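Breakdown of the fold
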Amino acid sequence: MGRPTRGFFGRGRRPAGDRLPPGQYDTGADWPVLSAEVTPRLDTAGWTFTVDGLVEQPTTWTWDEIHALAPSSYFGDIHCVTTWSKLDVNFGGVSVDTLLDVAHPRPEAHFVLARSHTGYTTNLPLADVTGGKAWVVWDYEGRPLPAEHGGPARLLVPHLYFWKSAKWVSGLALLAEDTPGFWEVNGYHDRGDPWLEQRYQGD
Amino acid sequence: MTEPPRRSRPPTQTGWQAATVVDVRRETARAKTFRLALERPGPFRAGQHYVVRLTAPDGYTASRSYSVASAPDDGGEIELTVELLEDGEVSGYLHEVVEPGDRLEVRGPVGGWFTWDAAEPALLVGGGSGVVPLMSMLRLARRRHREDLLRLVVSVRSPADLYYADELPGPEVRVIYSREVPPGEARPPGRLTAEDLHPAPERRSTTYLCGSAGFVEAAGRLLVDVGVPVERIRVERFGPSG
């Protein structure tokens, strides 16, 4: 622990019990918008999502096709590396497990690189997007996900910092080696576990 | 957004270090600039930010990121301009308590995307406090006598909301007032328009857009409408993370 800052007592802290990872605060009803690019205007008619790379069956789904898969939802908390957390949020979409069941990863696949329609990328261990831990979502609180929050669809990996939950997601490439994505090349952590405060490279 | 660079990463973050407050200046009623002398000064790029961490006696901490306003080649000191936010835990402390001589913990520089090195032409568009990282770029350009590379458009509500008011004016800077204009201003008050962004930047130019989420959404649409390719626009959104 660093030495105390003169005159700082943390008067603003809110009681959130043990649900806030270290260094995070509860943003309450706000949902800050953070992204490095202009919000794209994506038409669901031309939207696709692709799983490729080290898979037996590279697969592309259209908007209608992905909606025909078994639905899955998440209710819980999200944590942004800029120190806000948002508690009790509800997203609806499809589990990444369902998509991988179709594409069938090869045994040598250990990482994924998620990519967006904007060119954004982020890397994750395969184990962090399987086993009910990751989704492609298009509903937020029962309504279509707003464009500034990644709509029509974004990746959702809520147990990691939220930059891993790529907005405007367009696909996943399965890889043998970890390949740093956009923020990871720019100094952010390759895994990004909020409970371990893995914010930057070297954490 | 263009394809991310696949080459080397920027240097690993250097961890937390102590910084001594050497000067506090008021910019507007709701913004102050803090000049910090770093214990271990290192290079940074215009547009990057530092994280400031406050520690309470019981070990509780609060951290927030603030963009550097000063130019990179400004000795071992950095200036952070901080807007006072409603209920802002960190901004409130910085505004109400901090004075020269105080020690803060900082970490950085952070961010390798929203940066400009005075090598390529750029259009800078800032709303309100979003001018801060752009000011670092403007100061860099002026130090290097490369104002010819830059055009800065700043949008504020009124003259009282303009940061760096004494230093900003120059042929490369245009200030847009959305609610209230200063005496002698020909443009009536109003939100940023496509007209304010003319002429459209040349194609190899990069546009840096910074401000609140609402400003960035609106200005981003204008930029696309005047023909700026989306992949040439880099965005930094200032959220309510006080």
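Residues numbered from 1 in each chain as written. Chains lettered and ligands numbered in written order. Predicted model: local features only at pLDDT ≥ 70, side-chain atom pairs only at ≥ 80, totals over all residues.

Here we look at the overall build of chain A
Our working definition: Numbering of helices and strands runs from the N terminus, with a helix taken as a DSSP run of H or I at least four residues long and a strand as a DSSP run of E at least two residues long. Computation of the radius of gyration draws on C-alpha atoms, with the globule rule given as 2.2 Å multiplied by the number of residues to the power 0.38. As a rule, residues whose C-beta atom has 12 or fewer other C-beta atoms within 10 Å are exposed, those with 20 or more are buried, and those in between are partly exposed; C-beta atoms are placed from the backbone. Whether two residues are in contact is decided by their C-beta atoms, placed from the backbone, lying within 7 Å.
Helix and strand counts for chain A come out as three helices and 11 strands. Taking 17 Å as the expected radius of gyration for a compact globule of 203 residues, we find that chain A reaches 17 Å, a close match to that expectation. Counting only C-alpha atoms, chain A reaches 60 × 35 × 30 Å along its principal axes. By residue count, 45% of the 203 residues in chain A fall in the buried class. The contacts of chain A with a sequence gap of at least 6 include a subset with a gap of at least 24, amounting to 66%.

Observations concerning the domain arrangement of chain B
How large an interface is tends to be reported as the accessible area lost when its parts come together. All names here are of chain B. Applied cut-off: Domain extents, as shown, originate in an automatic or database domain assignment. Residues are grouped as follows: Ala, Val, Leu, Ile, Met, Phe, Trp, Tyr, Cys and Pro are nonpolar; Asp, Glu, Lys and Arg are charged; all remaining types, including Gly, are polar.
Segmentation of chain B into domains returns domain 1 (17-110) and domain 2 (122-237). Placing the centre of domain 1 and that of domain 2 at their C-alpha centroids yields a distance of 24 Å. Elements supplying a minimum of two residues to the side of domain 1 that touches domain 2: strand S1 (17-28) and strand S5 (77-83). Looking at the side of domain 1 that touches domain 2, its residues break down into seven nonpolar, five polar and three charged.

Structural notes on the interface of chain B and chain A
On the chain A side, the residues contacting the 46 residues of chain B number 41 residues. Those elements that provide at least two residues to the side of chain B that touches chain A are strand S3 (49-55), strand S4 (61-67), helix H1 (89-96), strand S6 (103-110), helix H3 (213-225) and strand S11 (233-237) of chain B. Its residues assigned to classes, the side of chain B that touches chain A comprises 21 nonpolar, 13 polar and 12 charged.

Structural notes on helix H2 (residues 131-143) of chain B
Residue and element names in this part refer to chain B. Stated precisely, the cut-off is as follows: The span expected for a helix works out to 1.5 Å for each residue beyond the first.
For H2, built from 13 residues, the straight-helix expectation of 18 Å at 1.5 Å per residue is met to within 8% by its first-to-last C-alpha distance of 18 Å. Burial of H2 is extensive: 11 of the 13 residues sit out of reach of the surface. When H2 is considered as a whole, its buried residues turn out to be Val131, Val132, Pro133, Leu134, Met135, Ser136, Met137, Leu138, Arg139, Leu140 and Ala141. Contacts from the buried residues of H2 go to S4, S5, strand S7 (122-127), strand S8 (150-156), strand S10 (206-211) and S11. Directly after H2, the chain includes His145, whose backbone phi takes a positive value near 55°.

Things to note about the pairing of strand S2 (residues 48-53) of chain A
All names here are of chain A. In plain terms, the rule: A pair of strands is considered paired only if DSSP assigns at least 2 bridges between the two.
In this structure, S2 lies alongside strand S3 (residues 59-62), joined through four bridges in antiparallel fashion. Counted as the bridge partner of Thr50 is Thr60 from S3. A loop of five residues connects S2 with S3, the two strands running antiparallel in sequence. The sheet contact formed by S2 and strand S11 (residues 169-175) spans four bridges and is parallel. Paired with Val51 across the strands is Leu172, a residue of S11.

A word on the environment of Thr179 of chain A
Residues and elements named next belong to chain A. With respect to the helices, strands and loops of the structure, Thr179 is situated in the loop between S11 and helix H3 (182-185). For Thr179, a count of 16 C-beta atoms within 10 Å gives the class partly exposed. C-alpha of Thr179 to C-alpha of Lys167: the two residues are 12 residues apart in sequence and 19 Å apart in space. With residues near it in sequence (within four places) discarded, Thr179 still touches Phe111, Leu113 and Asn123.

Here we look at H1 of chain B
Note: α-helices contain 3.6 residues per turn, so residues at a spacing of three or four share the same orientation. What H1 of chain B keeps buried is the set Glu89, Val90, Ser91, Tyr93 and Leu94 of chain B. Looking at the buried positions of H1 of chain B, the neighbouring elements they touch are strand S1 (25-26) of chain A together with strand S2 (31-38), S3, S4 and S5 of chain B.

Looking at the sheet that holds S11 of chain B
Residue and element names in this part refer to chain B. To keep it simple, the criterion reads: As a rule, the C-alpha atoms of each element are fitted with a line to give its axis, helices using only the stretch in contact, and angles between N-to-C directions run from 0 to 180 degrees.
If you trace the five strands from one edge of the open sheet to the other, you get S9-S8-S7-S10-S11, paired in parallel fashion. Where the open sheet ends on each side, the last strands, each with one partner, are strand S9 (173-177) and S11. Going from strand to strand, the sheet's axes swing by 15° on average, the running direction of each strand aside. In terms of strand pairing, S7 meets S8 through six bridges, oriented parallel. Paired with Gly127 across the strands is Ser155, a residue of S8. Against the sheet, H2 contacts S7, S8, S10 and S11, and its axis sits at roughly 150° relative to S8. The strands touched by H3 are S7, S8, S10 and S11; relative to S10, the strand with the most contacts, the crossing angle is about 155°.

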